[in-house]
Structure formats: structure tokens, C-alpha cells
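Topology and contacts: notes
Read off the chains here:
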Amino acid sequence: MAELEGLEFGKSDFVLLDEVTMEQFMENLKLRFEKGRIYTFIGEVVVSVNPYRQMDIYGKDTIDAYRGRELYENPPHLYAVSDAAYKAMKRRAKDTCIVISGESGAGKTEASKYIMQYIAAITNPGQRAEVESVKNVLLKSNCVLEAFGNAKTNRNDNSSRFGKYMDINFNFNGDPTGGHINNYLLEKVRGGGQIDRGAFTALLRGGSEEMLNSFHLENDPAAYVYTREGAESTVSTTNNDRSSHKAVMSALEVIGFSKEEISSIYHILASILLLGNMQFESDGESVQIVGLEAVNHISELTGTDPDSVTKSLLYRTVATGGGEVIEKGHSEEEACFGRDAFAKALYERLFGWIVGRINSVIEVKNYNPVLHGKNTVIGVLDIYGFEIFDNNSFEQFCINYCNEKLQQLFIELILQQEQGEYEREGITWQHIDYFNNQIIVDLVEQPHKGIISILDEACLTVGKVTDTVCLDSMDTKLAQHPHYTSRKLSPTDKTMDFQKHFRIRHYAGDVTYSVEGFLDKNKDLLFQDFKRLMYNSSNSVLKEMWPDGQLSITEVTKRPLTAATLFKNSIVALVDKLACKEPYYVRCIKPNEMKSPVLFDDARCQHQVAYLGLLENVMVRRAGFAYRQPYARFLQRYKMTCEYTWPNHLMSSDRDAVEAIVTQHGFQDDVAYGHTKLFVRTPRSLFTLEQERAALIPILVLFLQKVWRGALARMRCRRMRAIYAIMGCYKRYKVKAHFWEVERRFANVRTMADYGKSVEWPTPPAALSQFHNITVLWWARQIVKNIPPSDMLEVRAKVAALTALSGERKDWGVSRAWERDYLVRDCPQTSSGFIRVSKELRNKNEYSQVLFSGFCRKVNRFNKSTDRGLLVTDKYVYKLEPKKQYKVLKRLPLDSFTGISVTSGVDQMVALHTSAQDDVLLCLQRGQLCPNQDRVGELVGSLVDHFTRSKIYIIENVFILCCSSNIRVTTSPILL
């Protein structure tokens, strides 16, 4: 748990005050401000005091300390309420909003930026590129909107002159997927005709010399009417403007503005500055523009014709009732008015276009709830605060009305709604009185009676209706209203002037408004000539901003709504949007008017505390309950923390089950039971439940994973069994089908001459890939059985020779009959001698069969050759001398031979290898009767067949010698 603040910093939550009085409240607020603690809680509401200095409390370490923590675990901070809103959105899939309120200069804009930065920092831990892109655009949009929408006032160096409500959309993972920005009432021109937007001074001081020259501008804000006020230049302001200009240019590129669009934006800014410097002169009959060079520059920047620009500034086109179009020249005063109205409208349209362009980039695209889950929203409202100036005009009236509406929402949600809920639920409650500002809201917006209705009625009245006439109408209709007065209704009040001022008693204090300019600002007085001029621009961006310029002067259109009515409608829609979300509040307080980091103006701060209703908020929180939830939802979330409610309870009602949970955890004294909801007084009790739930969730997840994995495994097992059963049946069918096809094709093979050798086999299934080998054996058997027994010995020898030689010897005597015993056949004259000797050897050595015999030429180790006779029997190999009656010269046991080598040519060379390394090299002679016979194959086949049938594996290798005398050894020994 994060370290909490010590008592020397005061109470971190106003609810913990010993006594709820204004004195103690202010004392605690001042102590914390002086100690550098600018944030304080009121339950879930954060009270923020503007420190007017940079503070090191917004870094990464601070973000990590607040991420995922409960509100009371850490000292008060904006990050605490931001995380609470994010958790509520993510945990309960509920839309939330953060309403930042307070008067101008209280620090609302900075608070909204820190909230946005925190939300961006804690989301998208996976660093997905598309989510990071959305976050960057959301953050950079703040920079752009500040530059074009904020201004320097006498109360605030960076005052929001527009209201901004941003919806941030999140997916089911809690990552931002887009957003939408709504803007309210961009104040066009401040009193005295001054436009003090940061965008102008940033352009003039931060733009390069080349850029300013292309825009026909100087780098001195004092040279232009609209930026002259407060244009004193210091090193600090110049550097700030330069860095601001670079930041805005970079932000526009990051957001996705094209180079052409960025160029168009600055062309429009330059045009506005040049318009402000334009002067008119009158010769009594007509009005002329002083110096036409400015017209040419404006024409160039806006992509329009110089003559058209001059005509729009000096004349007004009017359509008569008969459809005739006439041109009416302006007076000098009317020309100045039209020029300023044109400049206001240009800036207003530009700002609206920028907001719309940003929305087109950040809007959620291709969203489908079925595919992407529920789309939840966090809204952040940063809107102008309550304003009291020396001269309060129409803009301050609208701004203060907006703050009245927001205060009414705060009262309804925090005070009135909470007390009403306690009464509905039957919770014992001490009623707390608070000021309900509904009467002030009605004063402004009530139909037919409110100030806005009176203004609209005056604007729609035909004829010359002045601001004074409108003030008289308000005095007549609102004379009895307790919160409205004027000099006419209070003649003794000399702080107001007759026919000029009226005063409204707002919840934040009394504000005196000057009625001058109310009607002009309330209705659209921009001449149609300017709209058509901009619509006909060659600049596509500028043309897009003025779609209403396409209407012809003679076309009759519906009268547009007034500015006040449009603003009222947008604020009502905003309040409705906020009311349907779970609100979180940041109440900002301005400590002094001097923008000092050490000064605490007690009276000024007490006034803000009073009109913000903070004391009443503390009373409600102390008397009430921090958390409430319907029984069913509470039970659904925390039932796993109690053995009597997990997984499902058997009690009579959900309330009884909730009581069992509370009793088991010992929270009986910290809760109250309503008719439909449970009320928990302190967040600590809820946090204890959350901690236990968080500890149990992993166990439950593992259990559910185990059950689900088991179910998946069983489903897979059943599926696999079914698959194998189907596969088995299918394989059996394929085997049977194959057999049926084989039977069909080979039905008559027994009667065929080739026994079916020419019949094509069907493609067998994988299980029968070797089945055709059996039929090959059958086919061979059918052929072999027709061979006479007397020829079988020769056939086997030829098969053995074919296998042993492996196609290495082209001619090995396969086509002739093998007679084996060639010593009898080749020389009939000496055959009787050989027959006699062979009989003697048979009787003596008891061999039973002659494998091969023939004449040969033996080569000894000295390369000398002699004619000899070779006799190979089933037991011995004999070397005979034919010239000496076949005398036996040498006898070697047949099993002493280990191999035989022959050549691949047509010669008859044979090498017989022995185990004693006493090899025999000889050349078989082909005989006189058949000189072309090849007998090498017959010798090899006879030996291999003999050893194969007798199963005596003695010959290890058969070597084939190539004709080039290179020996080739078979890769694997052929065992014979």
C-alpha cells in the first residue's frame, strides 16, 4: 500500500474534519496549499487549488503508484479520480465522465491535460500500433485546440474561450479506440475588437521569416489591431510563442492534417490579421478602402478575386420583394462592422472545421458490437469557468449560464439525487439544506419568460430594435424575479447605468452585464456577400467551411437559430449526455488574483467554496454512504468471497445472501440495507472485499480453466474416436472397393497368354500399397510352373546372375542355354578323360553336382598364362591340366572363396577371391564350337544360385571391374 500523508499536511479528505464548518474547511484548505498539497478529497470528488507553479507530481513513478489503486490508498491526486473513472468503466462496463469545473484561472485546462495523459499512460500495455496512434491523436488534439481556442485574459494567461467535451471510446480490453470532441461557444472577439488567440501571436513570433513574407506579415504583434493589446514582447513570451508554434505544427502533422490543409489554416489566420488593419474613408458620398494593397494580399491568401473582395467589403447585395437584386453601399461605420463580423466568422468557421477534421481522424471506425464487444466511454469536460469582468458582455452571459447548468447537474447528482435515493431506499437520513440554483437556470432558459427567449423575440422583431429596447423588455418581464435587477429596478444602485446594465445573482456571485452588443452577437449579422465570396474561393479547404455560400441572394431560407438558442440547445444536450454517465468531479479553486504561488486569498477562496457547494458536499458525504449497489449486482461480484453464496446460494432472497457475505467479513456496523440496494459507508470495507476477490479470482480462473480444458479434452476425445471410426469404415470400404475393382479387372487373367501382365492396376489405397507385389509373385509363379523341372536349375542360375550383376554387364549369356559342364562339350576328343576323372573325384570327394566346368587361361603372379581346366562343384573348385588327362593340379574348398570379380566388358576375365588372400585370376575360354559365347554370367549365376539355395553365406561381395580397370565395389555387400 502506498505511503499516505502525515497529519502535518492537514486532512487529506474533508470528510474527516472534526467539525464541518466553513472555518475548519478553509483552515484545512489553506494549510494543504501552503504545504504544497494542492489536491484534497471530498469522498470521490477532488478539490484542486491552482499552484501557479510547476510541480513534480505527474511523472511516470507517480502514474505507477496510482495505477489500479483504490481512491484512499494514495494521497489525493487527479490520477486517483482518473483511475477510479477508468476502473468503473472497465470493471462494470459503465460509461463514466470527469467534470472539471471552477472559475477562470482555477486550473481546469491543465487538469484535463493531466487526466488525458494518465489515461493514455495506463492503457495499451501491449503497445499495439493502432491504439498508440489513437492515443497520440487524442493527446495532440489538446495542443491544437488550446492554440486556437484559448486566450490571455486579465484573470488567466491561458483562458479557455471555448468549451470542450471529449468522449474517449474504449474497447472491451480497456484500450482507447477513438473519440469525439464537442466544442461550445468559441468567443469570437473580446471587448475592444481584440483577438488575443495564442495562434496569432505564435504565428507572428514563431513563424519563419520566409513564411511571414509569403503571408505578407511582420513578426510584431503590435503591428496588427487584433493582436495589439497585450503585445508587449519579452524574451520569455517570444520563446514561448516560438515553441508553441513548433508544437502546433508538429501536432497538426501527427493528427493527420495534410500540408495543403495546414497551409490553408495559416492563410486564413493571416487574412484575419490583414482584415483587422484594413481602414475605410468616406468622401461624403461613397466609402473607399484606404490602400488597395491589403485587398490584393487578402485576395491572394483566400483564393478569391480582388474586385470581389472589395465589393463585399464596400457593398451589400439586397433582394427586393419583386425578386430584383440591388447593391447598397456601406457607410464607413457599416463597412467597419462588416469587416469585423467577417473576421469573427472566418475564425469561428476555421475553429469548427479544425474540430471536425480532428473528429474525422479519431472517430471509431468499422465498429461492430457483436465482433468487438461493448464500446464504453469516458467523457472529459473542460469548459470555461465562471467569469466576472469589469465589462461583462454576451459571451460572459452564456459562459455563466453554462456554469449554472453544470452546478445544477452537480446538485442533482451529488446532493439532491443522493438524498432522494436514501429516502426511496428507506435509509435513515438527516436532511441537509443546500442552495438549488434551478431558479437561476429558469431565469435564463425558461420558454417565453427567460432572458434567452426575450433576446430571441427582440432579434425576430421587424423594425429597429435596439439593445436598450431589449433591456426595457427584460425589466418589464423579470421585475419580480429575486435574482434579476437593473438600474431601472434599483434606482439607488449607482454601480449600474441606466439603459445599459442588468445584474443576475448567480450561484457564484452577482454579475453585472452590459447589454450593449447583445442583439448583434445573438443574431447572425454576417452579410451573405461574404459567404458567397468564401464559397467561390479556389481554396478547397476554405470553400468547405462555407457551404451556405452556395445559396443565391434570391433564395428564401429558414431564419437560422440565434446564437443564444444554439448555445442553450448544445448545453442541454451536454447535460443530458453527462447525466447518463457515472460522474466524477474535479472542483478547481483559484487561490488569488495575482497568480502567485504563495498567496492564499481567504475571502476569494471562501467565496469559491461557497458557490461550488463544497461544504454541503462534505455534509452529504459524512452523513451518507460512499458506495451503493443493487443486491443482485453486489452478490454477483462478491459471492465467491463467502462459502454460503458460492457458486449459488440457497437462501430466500439476494438480500439474505448479501447479509451472509457482510456478516462473514464483519462489516455489519458499516453498512445499511435498503429496499433494493446495499449501502456501504466507508470505501475501506469495499476495498477489503475487492482484495479478497482479487486473491480468489486466479484460483477460480484456474478451476474454470481445468474444468473447461477437461471438457475440451473430452470433446476432442469423442471427436477423435468418431473420426477414427469413420476413418476405419472408410478404409475398409476403400479396401473392399479396391478388391472389387481388382477382381473385375483380373477376372480372366488365368486364360490370358501373359497372365494379366498387360492389365493396368487400379490405384490402391495406402493400406494396400504393397498388395500388387503378391500378385507379381503369383504372376511369376504362373510362368515358372510351366517351366520343365529339367530347366529350373538354369532358370534359377540366370535369375541369380541377373540380381548379382545388377545390369553392370551388358552381355552375360542370358539369351542362350546354359550347359554348365563345358569340358565335355568343348573338346569331344578329350571328353572321355574328363568324364573318368570327374567320376573319380565324385567318388573320392563325395561331391554331388558340377556347378560349372570349362577351359580357361590362368594368369599367375608373374603375369604368365597357361591353359587349364576349371571344375567347380558343390564342395570344391579344381584346377585341372587338360594335357595330362585332366590331372588335378589344385583343389580349393568352395567355402574358402569370399568373392568374385568380373569386368563390365565382353572379356571373360574372372577373379576368385579367397579368405587366404590367394586369389585366382583366370580367363574363361569360349570353346571351339561356340567362339562367341559369354560364360562369365553363367559362372556367377551358378555360384550365387548354389550358395543361395544352400543358405551358406560365404561370398561377401561381387565386384564388377570396369573396362578401364577401375574397380567398382557395390555399396552394400551382396551376401550369397
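Residues numbered from 1 in each chain as written. Predicted model: local features only at pLDDT ≥ 70, side-chain atom pairs only at ≥ 80, totals over all residues. Heavy atoms only, no water.

1. Observations regarding the side chain of threonine 914
Relative to the helices and strands, threonine 914 resides in strand β25 (residues 909-914). Its relative accessible area of 6% is what places threonine 914 among the buried residues. Other than its neighbours up to four places away in sequence, threonine 914 contacts Ser896, Phe897, Thr898 and Asp919. (Helix = DSSP H or I, 4+ residues; strand = E, 2+ residues; numbered from the N terminus. Buried < 20%, exposed > 50% of the residue type's maximum accessible area, 1.4 Å probe, protein only. Contact = heavy atoms within 4.5 Å.)

2. Comments concerning a nonpolar patch on the surface
On the surface, Met720, Ile723, Tyr724 and Met727 cluster together into a nonpolar patch covering about 370 Å² of accessible area. Examined against the element boundaries, tyrosine 724 turns out to sit in helix α26 (residues 683-745). Judged by relative accessible area, tyrosine 724 falls into the exposed class, the value being 53%. (Patch = residues over 30% accessible without salt bridge, like charges linked within 9 Å, V, L, I, M, F, W, Y side chains within 5 Å. Areas by Shrake-Rupley, 256 points an atom, 1.4 Å probe, with all protein chains shown as cover. Salt bridge = Lys/Arg side-chain N within 4 Å of Asp/Glu carboxyl O.)

3. Observations regarding the sheet that holds strand β6 (residues 163-170)
Spatial strand order, β1-β2-β16-β3-β12-β6-β7: seven strands in an open sheet with mixed pairing. The open sheet is flanked by β1 (39-42) and β7 (176-184), the only strands paired with a single partner. Across the sheet, the mean angle from the axis of one strand to that of its neighbour is 15°, orientation sign disregarded. Alignment of β1 against strand β2 (residues 45-49), held across four bridges, turns out to be antiparallel. Looking at the pairing, phenylalanine 41 lines up with valine 46 of β2. Where helix α1 (residues 22-34) meets the sheet, it contacts β1, β2 and β16 (582-589), and its direction lies at approximately 150° from that of β1. (Pairing = 2+ DSSP bridges. Axes fitted to C-alpha atoms, helices over the stretch in contact; angles between N-to-C directions.)

4. Let's talk about helix α30 (residues 831-845)
For α30, built from 15 residues, the straight-helix expectation of 21 Å at 1.5 Å per residue is met to within 8% by its first-to-last C-alpha distance of 20 Å. On the buried face of α30, the contacting elements are α29 (822-825), β20 (850-859), β21 (865-873), β22 (876-881) and β23 (887-893). Positive backbone phi, approximately 60°, marks glutamate 846, located one or two places after α30. (Expected span 1.5 Å × (residues − 1).)

5. Describing the packing of aromatic side chains
Counting across every chain of the model gives 26 aromatic pairs. Ring centres of phenylalanine 33 and phenylalanine 600 lie 5.6 Å apart, and the angle between their planes is 45°; this geometry places the pair in the tilted category. Note that phenylalanine 33 is positioned in helix α1 and phenylalanine 600 in the loop between β16 and α22 (602-612), a separation of 567 residues in sequence. Each of the two residues, phenylalanine 33 as well as phenylalanine 600, counts as buried. (Phe/Tyr/Trp six-rings, centres within 6.5 Å; stacked < 30°, edge-to-face > 60°.)

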